[in-house]
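Architecture at a glance
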Amino acid sequence: MKKWIAAGLCLLLLCGCGRKGKPLFDPVYFYYPRTEYDYGSADSAITWEAMDGTGHMDDFEFLLSEYFAGPIDEGLVNPFPVGTTLLSARLEGDDFLLEISPEALELPEHQFTLGCSCLSMTYFELTQAETVTVSCGEKSLTIRRNGMLLMDDYKPES
Amino acid sequence: MAITSENNPSGSYRYRSSQFLYAMTYVAVTLAVLVFLNLYCSTISKRLIYRSKEHSLVEKCHLAADELGTLEELDAFAISQILGKMESLTVTRLIVTDPGCAALYDSALTAAGQRILLPEVLQALEGDDVFNGDYQKGVVICRAATPITHGGKRIGCVYMTEYDPVRGALVRSLQIHVFQITAVLEVFVLLFALIYSARFGLRMSRIMNSMRIIQSGDYSHKVVIGGSDELAMLGREFNDLTDRLQLSEQKRTQFVADASHEIKTPLASIKLLSDSILQNDMDAATMREFVADIGAEAERLNRMTEKLLALTKLDSNPSSEVEIIHMAPTIRRVSKILLPTAQAAGVTVELHLEDPCPVLLLEDDLYQIVFNLMENGMKYNVPGGKLEVRLFREGDNAVLTVSDTGTGIPEEALPHLFERFYRADKSRSRATGGSGLGLSIVHAFVQNNGGTIRAQSTLGKGSCFTVTFPLFDTEAAL
């Protein structure tokens, strides 16, 4: 009897551990900074959460409005102030030009860079663009696809 | 059948598996403790190394930040010039960023022009000093960052990385040594647990085997368990138990043999007498004599059976009822009943009774005790002899003595006097119609009522039986 109870509990535990959310048919990866800044060295400052983009994979405006609504995961945070919206988005060659509303101007420089980097990484997932330029009022920041250092894995040769 | 099944091999197997389980539990607990100690040692050693590195690395960051803070605006050339002069900054990697995370200088030359979004840099640009320590594959990696300020304005940040394979090797060596010690200790624990478990199982199986041997009827078997622990104690208790069992069995066998023998004698007499009547022509007077003898033997059998029944009743169901009685009136009553017997034996009876002597005792029991003792005193007396009965108080006890002037009892017979069917003088006892049960009954009644009995005798002078009962304190009871 005891063995059966133990086996049942193990089964329930396995079911609980193995529980998954609804499968996503067209996942879109939104990049956000982590809430806590005191990360372990193995974690980068930015990570992603998957959203269902079914039927909107080419609708950048819709996807961006979803992005600015902020993350669902409590471990992530919206890098932009509440009310920030996408004003325009266009592709010029390999450069994707984004204009966002001026609410983002109130961010300190490093947080603005962090926000723009998150937005750019989200775009790099969606498009083949090599650079993303984010404009906000008079501020403009260009992020290259490989122009961000998220993890320091440098090792000296000797 | 149920007892047999409990001692079958499967029962033994169950026992062995349980003691093995205890041993393995012990091993598991020690393993858990040792693993915890391993992790604790590893974590503490790493923390100590991180702490020792933190001070120097943050200090280097501050030094660089102070020198760079002399610049109004950070640019790659100026930074290279200033850092080039600082020979004391021996770190693995040094990155300087502007407030927007753009790398202005990288000693590793791989991040120039990139956005440095490392957690340490972002936190330093918030205005904090940051330090992180990590241990990977035998290398201690420490990272620190601090903001660069000029005139109270944050103009960038310095980020440093230091690889320390020497201290990493130290941590690794410590981890390996602690692990090796743990492994050796655990092997010892495992061996100890297995040896102890096997030894315990062996000793326990000796007791189990002994139980089976006793169960098969060999009560003389003894279990040999060395040491002074609980199992040795169990073995000793077990041996004591088998001793008592053996004694009890011997008594039972003796009793059955004695009872059979005692019953067989009158039955043989009856058979012989009846055969004589049937086979021989005899006159009416002789026949009456034979029939009277048959009647006497039957009467003796009857008395013996009654006494055996009384003893069996006492053994199996001792009465818990008591009453407050005075002893003297009962003794007088017995004396009166036995007066014809005394006269027939030519024995004078003297009573010296102190009254009152209240005791908690069933009157019927006292009657039987006094009757048997006085009857014995008359039967085994000499013609013209004397039987003296005394009752007196001695401290908190009532003492009854019955002394005769008979032939006395041999000294070697005194310890067996209260055993069933024991007769000091067998020929004389049978001749007087004794069954060998009278004193056993007296002994059982006295013990059942919380009293004591002892016998003293001198050959040729007589015997004295002393019975003691605790006095009932009527005043205290009120």
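Residues numbered from 1 in each chain as written. Chains lettered and ligands numbered in written order. Predicted model: local features only at pLDDT ≥ 70, side-chain atom pairs only at ≥ 80, totals over all residues. Heavy atoms only, no water.

Focus on the overall build of chain A
For chain A, the count of helices and strands is three helices and seven strands. In chain A, 56% of the contacts between residues at least 6 apart in sequence involve partners at least 24 apart. Accessible surface, chain A: about 9600 Å² in total, of which carbon and sulfur atoms supply 55%. (Helix = DSSP H or I, 4+ residues; strand = E, 2+ residues; numbered from the N terminus. Contact = heavy atoms within 4.5 Å. Areas by Shrake-Rupley, 256 points an atom, 1.4 Å probe, with all protein chains shown as cover.)

Description of the sheet that holds strand β5 (residues 131-136) of chain A
Residue and element names in this part refer to chain A. Pairing is mixed in the open sheet, where four strands are placed in the order β3-β4-β5-β6. The open sheet has two edge strands, β3 (86-92) and β6 (139-144), and neither has a second partner. When the angles between neighbouring strand axes are averaged without regard to direction, this sheet yields 15 degrees. Alignment of strand β4 (residues 95-100) against β5, held across five bridges, turns out to be parallel. Bridge pairing in β5 places E99 opposite S135. Together, β3, β4, β5 and β6 form the strand contacts of helix α3 (residues 109-126), whose direction differs from that of β6 by roughly 50 degrees. (Pairing = 2+ DSSP bridges. Axes fitted to C-alpha atoms, helices over the stretch in contact; angles between N-to-C directions.)

Notes on the side chain of T146 of chain B
All names here are of chain B. Along the chain, the position of T146 falls in strand β5 (residues 139-150). Its relative accessible area of 2% is what places T146 among the buried residues. A polar contact of 2.4 Å, which involves the side chain of T146, links it to the side chain of D129. The residues contacting T146, other than those within four sequence positions of it, are C61, H62, A65, A124, D128, D129, C157 and V158. (Buried < 20%, exposed > 50% of the residue type's maximum accessible area, 1.4 Å probe, protein only. Polar contact = N/O pair within 3.5 Å; in protein donor to acceptor, adjacent residues only side chain to side chain.)

Thoughts on unusual backbone geometry
Note on backbone geometry: most residues besides glycine have negative phi, and most peptide bonds are trans. Residue and element names in this part refer to chain B. The omega torsion of the bond from D355 to P356 falls at 5 degrees, within 30 degrees of zero and hence cis. By the secondary structure assignment, P356 is in the loop between β8 (348-353) and β9 (358-360). One non-glycine residue, C101, lies in positive phi territory at about 70 degrees. Checked against the element boundaries, C101 lands in the loop between β1 (93-97) and β2 (103-106). For C101, a relative accessible area of 0% translates into the label buried.

Focus: a nonpolar patch on the surface
All names here are of chain B. Together, V29, V33, F36, L37, Y40, I44 and L48 make up an exposed nonpolar region whose accessible area comes to about 670 Å². Mapped onto the elements of the fold, L37 is located in helix α2 (residues 9-68). Judged by its relative accessible area of 40%, L37 is partly exposed. (Patch = residues over 30% accessible without salt bridge, like charges linked within 9 Å, V, L, I, M, F, W, Y side chains within 5 Å. Salt bridge = Lys/Arg side-chain N within 4 Å of Asp/Glu carboxyl O.)

Topic: the interface of chain A and chain B
For an interface, size is often stated in terms of accessible area lost upon the parts coming together. Taken residue by residue, the interface counts 27 residues in chain A and 25 residues in chain B. Carbon and sulfur atoms supply 57% of the area that chain A and chain B bury against each other, a total of about 2300 Å² over both sides. When the buried area of chain A at its contact with chain B is split by residue, L149, D152 and Y154 of chain A rank highest and sum to 30% of it. Taken together, the links from chain A to chain B amount to two salt bridges. The partner of D152 of chain A in a salt bridge is R93 of chain B, with the nearest N and O atoms 2.7 Å apart. Elements with a contribution of two residues or more to the side of chain A that touches chain B: α3, β6 and β7 (148-149) of chain A. No other element matches α3 of chain A, which puts six residues into the side of chain A that touches chain B. (Buried area = accessible area lost by both parts, 1.4 Å probe.)

Observations concerning the domain arrangement of chain B
Residue and element names in this part refer to chain B. The domains assigned to chain B are domain 1 (1-217), domain 2 (230-313) and domain 3 (321-477). Domain 2 and domain 3 are separated by 24 Å when their C-alpha centres are compared. Summed over both sides, the interface of domain 2 with domain 3 buries roughly 1100 Å², with 66% coming from carbon and sulfur. Of all residues in domain 2, E262, K307 and L311 bury the most surface against domain 3, accounting for 50% of the area lost on that side. (Domains from an automatic or database assignment.)

Some points on the packing of helix α8 (residues 327-337) of chain B against helix α10 (residues 363-379) of chain B
Residue and element names in this part refer to chain B. Contact geometry for α8 and α10: axes closest at 9 Å, N-to-C directions at 45 degrees. The angle between the axes of α8 and α10 places the two elements in the oblique class. Where α8 crosses over α10, the two elements pack in a sense that is right-handed. Between α8, through M327, T330, I331, R333, V334, S335 and I337, and α10, the contact on the second element is made entirely by E363, L366, Y367, V370, F371 and M374. Each residue belonging to the contact of α8 with α10 can be placed in one class, and the counts come to nine nonpolar, two polar and two charged. (Parallel < 35°, antiparallel > 145°, perpendicular 65-115°, else oblique. Left-handed = near helix turned anticlockwise from the far one by under 90°. Nonpolar A, V, L, I, M, F, W, Y, C, P; charged D, E, K, R; others polar.)

A word on the nonpolar core
I46, I100 and L119 of chain A are the most contacted members of the largest nonpolar core, which totals 51 residues. I46 of chain A has contacts with Y31, Y32, P33, L114, S117, C118, M121 and L150 of chain A together with L117 of chain B, leaving out every residue within four places of it along the chain. I369, L439, I441 and V467 of chain B belong to the second-largest nonpolar core, a separate cluster that totals 48 residues. (Core = buried A, V, L, I, M, F, W, Y, C linked by side-chain atoms within 4.5 Å.)

Quick look at the state of the cysteines
In protein structure, a disulfide is the covalent linkage between the sulfur atoms of two cysteines. All names here are of chain B. Taken as a whole and judged by the stated rule, the model has zero disulfides over all chains. Cysteine C101 is unpaired, with the sulfur of C157 as its nearest cysteine sulfur at 7.8 Å. Left unpaired, C464 is separated from the closest cysteine sulfur, that of C357, by 16 Å. (Disulfide = S-S within 2.5 Å.)

A word on the packing of aromatic side chains
All names here are of chain A. Per the stated rule, a full pass over the model turns up eleven aromatic pairs over all chains. With a centroid separation of 4.8 Å and 80 degrees between ring planes, the pair formed by Y29 and W48 is classed as edge-to-face. One end of the pair, Y29, is in strand β1 (residues 27-33); the other, W48, is in strand β2 (residues 46-52), and 19 residues separate them in sequence. Centre to centre, the rings of Y32 and Y67 are 4.6 Å apart; their planes meet at 5 degrees, and the pair counts as stacked. Within this pair, whereas Y32 is found in strand β1, its partner Y67 is found in helix α2 (residues 60-68), the two being separated by 35 residues in sequence. Accessibility classification places Y32 together with Y67 in one group, the buried group. (Phe/Tyr/Trp six-rings, centres within 6.5 Å; stacked < 30°, edge-to-face > 60°.)

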